[in-house]
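Observations on chain architecture
Each chain, written out:
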Number of protein chains: 4
Amino acid sequence: MDQTQVVQDSSGIIAIYGVEQASQYGYLALHAIQHRGQDGVGLAVSDGKNVKIQKGLGLVNENMSGPILEQMTGYIAVGQVRMATDGDSALENVQPTVVRAHQGSFAIATTGMITDAVSLREELEDDGLIFQGTGDGELIAHLIQWTDGKFVDKIRQACKMGTGACNFVIATKDHLYVYRDRYGVHSISMGKLKDGYVFSSETSSFTILQAEYIRDVKPGELIVLDENGVRSIQLDDTKKQATCAMEYVYFARPDSIINGVNVHQVRKLCGYYLAKQEDVDADFVIGTPDSASSAAASFARNLGKPYEIGLIKNRYIGSTFIHPTQEQREQGMRVRLNAISSVVRGKKILLVDDSVVYGLTARRVSQLLHEAGAKEVHLRIASPIIKYPCFYGYEKTEQKRLAGFNYTEEEMRQYFNVDTLRFMSLEDFKKCIPETSCLACFNGVYPSQLADYERKVEE
Amino acid sequence: MDQTQVVQDSSGIIAIYGVEQASQYGYLALHAIQHRGQDGVGLAVSDGKNVKIQKGLGLVNENMSGPILEQMTGYIAVGQVRMATDGDSALENVQPTVVRAHQGSFAIATTGMITDAVSLREELEDDGLIFQGTGDGELIAHLIQWTDGKFVDKIRQACKMGTGACNFVIATKDHLYVYRDRYGVHSISMGKLKDGYVFSSETSSFTILQAEYIRDVKPGELIVLDENGVRSIQLDDTKKQATCAMEYVYFARPDSIINGVNVHQVRKLCGYYLAKQEDVDADFVIGTPDSASSAAASFARNLGKPYEIGLIKNRYIGSTFIHPTQEQREQGMRVRLNAISSVVRGKKILLVDDSVVYGLTARRVSQLLHEAGAKEVHLRIASPIIKYPCFYGYEKTEQKRLAGFNYTEEEMRQYFNVDTLRFMSLEDFKKCIPETSCLACFNGVYPSQLADYERKVEE
Amino acid sequence: MDQTQVVQDSSGIIAIYGVEQASQYGYLALHAIQHRGQDGVGLAVSDGKNVKIQKGLGLVNENMSGPILEQMTGYIAVGQVRMATDGDSALENVQPTVVRAHQGSFAIATTGMITDAVSLREELEDDGLIFQGTGDGELIAHLIQWTDGKFVDKIRQACKMGTGACNFVIATKDHLYVYRDRYGVHSISMGKLKDGYVFSSETSSFTILQAEYIRDVKPGELIVLDENGVRSIQLDDTKKQATCAMEYVYFARPDSIINGVNVHQVRKLCGYYLAKQEDVDADFVIGTPDSASSAAASFARNLGKPYEIGLIKNRYIGSTFIHPTQEQREQGMRVRLNAISSVVRGKKILLVDDSVVYGLTARRVSQLLHEAGAKEVHLRIASPIIKYPCFYGYEKTEQKRLAGFNYTEEEMRQYFNVDTLRFMSLEDFKKCIPETSCLACFNGVYPSQLADYERKVEE
Amino acid sequence: MDQTQVVQDSSGIIAIYGVEQASQYGYLALHAIQHRGQDGVGLAVSDGKNVKIQKGLGLVNENMSGPILEQMTGYIAVGQVRMATDGDSALENVQPTVVRAHQGSFAIATTGMITDAVSLREELEDDGLIFQGTGDGELIAHLIQWTDGKFVDKIRQACKMGTGACNFVIATKDHLYVYRDRYGVHSISMGKLKDGYVFSSETSSFTILQAEYIRDVKPGELIVLDENGVRSIQLDDTKKQATCAMEYVYFARPDSIINGVNVHQVRKLCGYYLAKQEDVDADFVIGTPDSASSAAASFARNLGKPYEIGLIKNRYIGSTFIHPTQEQREQGMRVRLNAISSVVRGKKILLVDDSVVYGLTARRVSQLLHEAGAKEVHLRIASPIIKYPCFYGYEKTEQKRLAGFNYTEEEMRQYFNVDTLRFMSLEDFKKCIPETSCLACFNGVYPSQLADYERKVEE
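Residues numbered from 1 in each chain as written. Chains lettered and ligands numbered in written order. Predicted model: local features only at pLDDT ≥ 70, side-chain atom pairs only at ≥ 80, totals over all residues. Heavy atoms only, no water.

Looking at an unreviewed UniProt entry, one finds chain A named Amidophosphoribosyltransferase, with Catenisphaera adipataccumulans as its source organism. Note on chain A: under the UniProt heading Sequence similarities (unreviewed entry), the record states "In the C-terminal section; belongs to the purine/pyrimidine phosphoribosyltransferase family." You can read under Pathway (unreviewed entry) in the UniProt record for chain A the words "Purine metabolism; IMP biosynthesis via de novo pathway; N(1)-(5-phospho-D-ribosyl)glycinamide from 5-phospho-alpha-D-ribose 1-diphosphate: step 1/2." (UniProt positions renumbered as here; feature names shortened; annotations may be inferred.)

Once that is clear, we can look at the sheet that holds strand β17 (residues 284-287) of chain D. Residue and element names in this part refer to chain D. The strand order β18-β17-β21-β22-β23 describes an open sheet built from five strands, whose pairing is parallel. Of all the strands in the sheet, the pair left with one neighbour each is β18 (307-308) and β23 (420-423). In the packing of helix α16 (residues 409-416) onto the sheet, the strands contacted are β22 (376-381) and β23, and the crossing angle to β23 comes to about 125 degrees. (Pairing = 2+ DSSP bridges. Helix = DSSP H or I, 4+ residues; strand = E, 2+ residues; numbered from the N terminus. Contact = heavy atoms within 4.5 Å. Axes fitted to C-alpha atoms, helices over the stretch in contact; angles between N-to-C directions.)

Moving on to the environment of Ser-200 of chain C. All names here are of chain C. By the secondary structure assignment, Ser-200 is in strand β10 (residues 196-200). Accessibility expressed as a relative area gives 0% for Ser-200, which makes it buried. Between the C-alpha atoms of Ser-200 and Ile-33, which are 167 residues apart in sequence, the distance is 8.4 Å. Leave out the neighbours within four places in its chain, and Ser-200 touches Ile-13, Ile-14, Ile-33, Ile-188, Ser-189, Ser-205 and Phe-206. Only 2.8 Å separates the side chain of Ser-200 from the side chain of Ser-205, close enough to count as a polar contact. (Buried < 20%, exposed > 50% of the residue type's maximum accessible area, 1.4 Å probe, protein only. Polar contact = N/O pair within 3.5 Å; in protein donor to acceptor, adjacent residues only side chain to side chain.)

Turning our attention to the confidence of the model for chain A. Predicted coordinates in regions of low pLDDT should not be interpreted in detail. For chain A, the mean per-residue pLDDT works out to 88, and 91% of the residues sit at or above 70. Confidence metrics for the complex model read pTM 0.83 and ipTM 0.83. (pLDDT = per-residue confidence, 0-100.)

Within the secondary structure, Glu-138 of chain D is located in helix α5 (residues 136-146). Among buried charged residues, Glu-138 of chain D stands out as having no salt bridge; its nearest opposite-charge side chain is Arg-121 of chain D, 5.2 Å away. Among the polar contacts listed, one links the side chain of Glu-138 of chain D to the side chain of Gln-132 of chain C, at a separation of 2.9 Å. Here Glu-138 of chain D is in contact with Ile-130 and Gln-132 of chain C together with Thr-97, Ile-130, Phe-131, Gln-132 and Gly-133 of chain D, once residues within four sequence places are set aside. (Lys, Arg positive; Asp, Glu negative; His and termini not counted. Salt bridge = Lys/Arg side-chain N within 4 Å of Asp/Glu carboxyl O.)

On to the domain arrangement of chain A, then. Domain boundaries in chain A define domain 1 (12-241) and domain 2 (264-437). Placing the centre of domain 1 of chain A and that of domain 2 of chain A at their C-alpha centroids yields a distance of 34 Å. (Domains from an automatic or database assignment.)

Let us look at the relation of the copies chain D and chain C. Superposition of chain D onto chain C requires a rotation of 180 degrees combined with a translation of 0.0 Å along the rotation axis, giving an RMSD of 0.1 Å. Interpreted geometrically, this transformation is the action of a two-fold axis. Among all residues of chain D, the one whose C-alpha sits closest to the rotation axis is Leu-129 of chain D, at a distance of 3.2 Å. A share of 100% of interface residues in chain D that are also interface residues in chain C marks the association as one of identical surfaces. (Least-squares fit on C-alpha atoms with pLDDT ≥ 70 in both.)

Tallying the contact residues gives 27 residues for chain D and 27 residues for chain C. Interface area for chain D against chain C, summed over the two sides, is near 2,200 Å², with a carbon-plus-sulfur share of 52%. On the chain D side of the contact with chain C, His-102, Ile-130 and Gln-132 of chain D bury the most area, a combined 28% of that side's loss. At the boundary of chain D with chain C, the tally comes to zero salt bridges. Our count for the chain D to chain C interface comes out at 20 residue pairs in polar contact (both at pLDDT 80 or more). Those elements giving two or more residues to the side of chain D that touches chain C turn out to be β3 (51-57), β5 (97-99), α4 (117-126) and α5 of chain D. Counting residues per element, the side of chain D that touches chain C draws most heavily on α5 of chain D, at five residues. Classifying every residue of the side of chain D that touches chain C gives 10 nonpolar, eight polar and nine charged. (Buried area = accessible area lost by both parts, 1.4 Å probe. Nonpolar A, V, L, I, M, F, W, Y, C, P; charged D, E, K, R; others polar.)

Here it is, written out as structure tokens:
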């Protein structure tokens with residue numbers, strides 16, 4: 001699946017506690033989850049007295065220079081990388097959101113989505129509160145400020161008011177709070193960093209910092225870090241954990257550990273089960289780079305077929321790439337991906353992609369292979385058919401545009417212009433992932449209440 | 001008075017209604033009041049449906065490009081140029097502040113200051129509201145959203161809750177609201193622009209747009225513009241008008257009309273009265289560029305003395321100017337201002353400056369003239385002694401740092417290292433300006449309640 | 001005369017020898033002559049071993065950051081600020097030009113113009129040499145490399161081959177060479193800077209560095225600085241000195257000393273002689289900012305008329321200023337300059353400008369004053385009529401476009417739409433400036449051979 | 001082989017003839033060979049009258065915007081992407097070099113190296129020519145301008161004067177010249193692009209433009225394109241062709257065709273021959289991303305071992321990436337490359353890299369794998385030992401720093417800290433590549449005279 005074709009609203013968060021130069025570790029931790037969001041980045045630090053913030057549109061590298069990080073002294077940091085949905089690329093929506101208040105300032109960064117956010121917002125707006133952006137960070141900030149009691153109690157109440165699946169990290173002047181949604185849809189892990197701690201949406205942040213993985217934050221758990229050490233508070237009743245299965249399929253880096261299981265290993269298992277069903281005798285297997293590589297290599301091995309590298313990705317596409325003419329714009333895909341004619345010409349190919357969302361990538365890769373002379377293209381998808389929209393951070397997967405909702409498999413095969421098409425069965429897929437996984441986009445069983453989105457799902 | 005030595009929190013606002021490409025007219029209108037604030041700029045436009053915003057740190061030119069303005073379609077615009085006080089140069093404080101709400105979004109830009117802002121904020125924060133910055137725009141936005149009724153009523157109530165002196169412009173999707181504070185401390189004028197209207201803190205915006213000056217907005221007046229035309233609502237009881245006298249002395253451009261009176265004309269009159277008191281027989285008169293030029297030229301003429309150009313200003317100092325070495329940093333003034341030796345060497349000079357705030361400029365200009373060989377320097381100030389702080393938008397004029405508060409005239413003379421020093425008397429100054437002027441910084445008589453600042457004033 | 005209306009190819013050069021951090025002093029020295037060229041800047045330094053270069057389009061500030069200057073270690077520096085002519089704003093033409101050669105590298109920066117450059121280039125090109133830009137720095141570099149002997153001899157021969165009027169500074173790895181053209185058309189002065197020396201096109205560079213003015217480099221003199229000290233070599237036979245008179249009229253900063261005479265003093269004298277001829281009884285005098293201020297103030301004083309400030313300049317126009325609409329583009333002048341209605345309305349005005357080149361500024365200022373309500377505008381020019389083009393660095397003053405060449409005085413009066421028009425007579429002007437001044441643009445008497453431009457001058 | 005660890009001076013050139021908007025096609029063609037050089041880019045176009053140039057430091061995307069390309073009208077284009085060697089990242093060395101001459105301007109871009117460049121330069125400098133940079137483009141420009149006759153004859157003579165291996169493209173106002181060095185060390189191919197032609201160092205440029213591959217330019221061939229069509233001139237006597245074998249090993253994109261042979265196919269063959277020699281029974285095979293993937297996958301397949309993805313590359317490393325602390329700087333590798341612990345822990349690994357230059361990458365990858373828990377690491381190199389420096393465009397491969405020159409295989413094994421180490425034998429490698437390949441870096445047999453570098457090679 002080619003990331004640039006998908007407009008999901010992904011993001012990732014990190015937090016650091018208890019190390020000097022927290023901003024600099026935060027910077028690297030964000031860099032290691034850059035693949036979760038390239039449209040905006042923010043980092044806030046606390047030094048026991050004040051909360052400072054730096055944010056901007058674009059990549060981590062583009063917004064954090066050495067001098068800026070140096071000025072951001074402090075031992076607590078929270079940050080976010082953000083992938084924008086259409087039309088909301090505004091700076092207002094880049095987190096952390098900082099609340100300035102006489103009771104104490106704080107910075108909050110979130111990942112995931114509150115499914116009753118629209119109603120909650122309207123309610124709060126009716127009560128006279130103002131929103132300057134459209135993000136959930138601002139909403140939770142409101143809920144916290146709005147409620148009474150100690151800060152922990154305020155967080156508790158805020159979490160009760162919102163449903164859906166939203167993780168957050170909050171830095172006050174001298175505390176760090178890390179919360180994972182009660183269903184555990186989104187991952188957040190805890191690591192030991194020197195004398196302090198690091199938290200991140202993906203364990204790839206730990207590797208870059210040579211931090212030691214401790215454990216995942218538990219669903220519904222709030223971890224509080226201050227001078228007195230680390231406290232764990234189970235904020236919500238235990239729910240059935242439902243961690244996003246698409247992390248394994250596409251979102252996470254292969255070297256990350258999600259829900260205790262390595263992503264690459266899951267992808268390999270998917271390749272294994274996919275191979276068990278195979279009946280086409282092709283010349284070789286190729287995978288759509290980069291996210292389908294693990295599954296494709298495993299598929300090939302289990303099939304006893306050669307694994308070929310038939311598609312080449314251009315590494316130098318930046319966000320500023322221009323397509324001078326209309327004709328060239330239409331060739332967009334060609335700028336990013338090339339098929340190697342000498343490899344594919346005249347061949348029967350088993351093409352593996354990780355998933356099908358709107359189907360644009362599958363259609364174009366098939367076209368590239370055919371133009372390069374492929375004799376047959378047999379598309380295999382290393383995950384089940386996505387039929388339902390996601391409301392936990394990927395709102396833009398509009399159900400109406402989902403290929404798997406709109407079309408039968410045969411219709412998809414024709415649309416993609418491939419000789420055969422096979423998805424992994426949901427049964428097989430379940431064998432590859434932890435039992436505690438969310439399969440909502442495949443089977444429509446959502447772990448939380450859909451609240452504002454209830455009516456948006458069709459069978 | 002050299003602007004760069006002063007850290008007052010000045011700013012200016014503009015509004016456009018009823019012309020296509022309102023963003024482009026707003027851009028030029030802001031440019032014409034750029035001297036009121038160079039640290040940040042924002043512009044919001046409405047097209048009848050949505051409110052769009054563009055803002056950034058730095059100059060108008062640096063933040064508004066042609067393509068950006070083109071995308072900001074709409075017939076209503078509100079904007080601000082901002083001069084930051086130390087340590088709050090954050091983007092969060094650049095206005096307009098945009099409120100996104102299901103009842104309707106709006107953008108607000110303010111100039112001036114609410115003197116009970118701190119108490120109001122704390123009260124609202126205690127009630128559970130969040131503030132993301134420290135500006136009055138966000139406070140008024142809160143007050144408006146917080147209150148009930150029609151939008152006009154909400155504005156009315158918000159205005160009642162805050163005291164001090166704060167003008168604002170608000171754009172909703174299809175209305176423009178323009179309010180001037182009840183004491184009229186800050187100016188805001190109304191002009192005819194094609195089939196629509198333009199409002200600005202200074203009439204220099206009208207000149208650049210070839211708009212026709214109609215009148216000043218009245219103290220306490222709210223002007224509402226929509227499809228049905230222009231309505232005037234007198235929101236507050238009539239107060240004694242008290243328009244800032246320092247506008248004439250220093251802030252405004254000479255070609256602007258404040259309170260019905262041309263700024264340059266006032267400065268000339270100051271020069272006239274100053275001359276009447278003169279008893280030193282100097283070789284010639286020079287003025288500190290640029291704001292003292294009008295007064296100095298008039299002073300010279302009335303004195304029958306030559307008006308000389310003895311100080312030259314470097315026009316190419318940008319905000320990025322670097323002082324490579326410590327030694328050079330200490331020469332900062334020399335980079336900006338040069339004395340012409342051949343003019344001043346061996347001469348008795350009457351030096352005119354417009355005002356003395358902290359006294360840094362007077363001290364340095366005196367030093368420059370002495371280094372260039374001046375025999376005598378007699379400093380004349382074309383306004384009275386500033387003894388009291390301002391709480392209407394210039395908070396940073398800390399009373400403790402005011403030369404006129406700390407020192408006697410003789411002490412100032414010694415500190416400035418000049419042969420004689422004379423300020424304009426308050427009596428003479430009053431003859432130069434409209435009766436309806438605020439003289440608080442000279443005489444400590446504040447038009448409004450000082451509220452949170454009550455205890456900050458010493459005699 | 002409004003600088004932005006003129007497209008002459010002005011420039012300025014500086015050189016530093018014998019101080020550590022020469023790049024940082026060079027930076028400030030260039031900054032102090034920024035008014036001589038805003039389109040490009042370059043600085044080269046030598047540390048006894050290597051020659052390093054930094055250059056770019058735009059202002060000094062925009063191209064030289066602290067870290068860059070720090071890396072440019074060395075005790076010799078040469079630099080240039082450049083004003084581009086139409087269509088040659090290429091980076092290739094920004095100097096210094098650096099020659100990399102096994103015999104030793106060197107960097108050269110020039111100001112002025114070689115009038116046989118075109119023939120010389122063609123000759124060299126025919127002999128097989130390549131030119132990468134169109135500047136005289138590259139030409140002289142060629143001539144030096146092309147000739148034989150010691151470096152000083154090579155410079156001597158190069159100077160013999162070119163005619164016209166071109167100053168240059170050359171830094172080798174351990175020498176600095178400073179040459180002034182044999183006619184002394186362009187000024188270059190020498191100052192003492194700590195234990196070393198500074199050279200600059202204008203003495204304003206000395207003021208900023210607190211360097212002590214020593215003397216002007218003499219026409220035809222080559223100054224060589226190395227470990228052994230300072231040597232002066234008179235390269236050319238003594239010619240009749242002819243230093244550009246327009247430096248006094250317009251180009252130089254008022255605080256600079258050109259040819260031993262302070263610029264501001266000359267302008268005052270011009271005002272005096274202009275006043276002697278005056279017969280119009282106006283209400284007051286105003287000057288076109290900024291370059292006509294000195295003359296206008298002096299004119300007013302000698303006339304016994306008030307000196308008024310009736311035109312205000314906007315200080316915040318950068319090179320990036322945009323004119324969103326066509327209509328606004330046509331108002332370009334209005335963005336830069338405003339007339340104060342309350343001052344000029346109904347008045348008889350004596351307007352002083354420093355010079356008339358193409359006449360665009362005079363025409364527009366007259367229009368501004370009329371639009372602001374002036375009753376009569378009497379234009380006085382504080383220099384004689386410019387009838388002849390300049391070939392010493394201002395090539396773009398095409399004779400065909402010169403108002404003084406195309407029109408009679410009466411025609412100009414009508415074109416400018418003023419009530420009366422008077423230029424200073426050449427006789428009076430001569431009384432204001434040193435005898436050793438070039439008056440070619442007024443009387444067509446060129447000090448040097450015109451060479452390639454011989455046929456371009458019409459009577 | 002991790003590209004960032006190597007400091008070779010690679011580059012690539014393209015040319016377009018006979019299509020409108022040649023600049024826009026040139027832009028895309030350059031983009032497709034971006035991997036050959038990321039430090040500078042230049043593009044020159046001709047429209048039958050003038051030659052325009054745009055160049056800058058950094059990536060294609062960063063220097064060519066839509067508006068710039070639009071202004072560069074013309075039907076001929078030549079361009080280069082450049083990888084700088086240490087200390088010469090200056091803009092002066094970015095090509096094309098443009099020569100401005102009265103006989104006609106031209107732009108030249110080169111790839112490869114002239115081995116007698118130093119002597120030639122010195123000779124020309126002694127004859128009085130100046131060089132502003134250190135690139136071969138400027139040298140050839142000199143040689144062309146320096147010689148007599150028609151342009152084609154001048155090129156012919158220039159080519160005779162220089163030896164080594166340097167391709168170039170030259171655009172005059174209405175001609176395009178494309179030359180490939182007489183030994184064919186560097187590749188340059190010709191394609192049909194609409195009604196015109198495209199030339200590029202790699203055929204990946206054709207794919208992006210949907211141009212049709214015609215043929216390779218022949219060693220010693222000069223192709224001339226003008227109004228009259230395409231002419232081929234064999235400039236040099238036929239030499240034994242010797243096309244760089246490292247193109248197949250590392251430089252080229254897998255989808256490119258070099259010397260008629262697809263790069264990916266060669267890499268697969270290398271994997272096959274490498275497998276034939278294997279005697280270690282490892283758990284699986286992994287390749288160093290990205291350039292070793294093809295060989296590693298083929299190696300695994302032929303060995304009947306699983307191909308694993310055990311190393312993950314971070315895609316978001318830009319040239320501006322900062323390493324905040326010293327400690328983090330030392331972790332540089334970790335930022336770019338991660339090992340997947342769950343894959344490698346406790347495993348016996350066959351690690352495949354494409355080549356060993358200085359050995360830094362091999363050493364670090366080995367360290368990463370060991371830190372991630374690998375039990376055994378057996379390193380296999382899919383090419384022979386590099387013992388000799390390259391003088392055809394990779395000067396920086398200093399022989400003294402070559403691991404294969406300094407160490408025996410056993411010493412390398414220890415230095416890399418791997419259990420076993422095996423390089424491909426030269427005999428096997430020869431079976432994988434065309435006979436007409438240059439093997440100089442493996443066997444010290446250089447196709448051309450080494451000229452200035454003769455004494456730099458040791459056995």
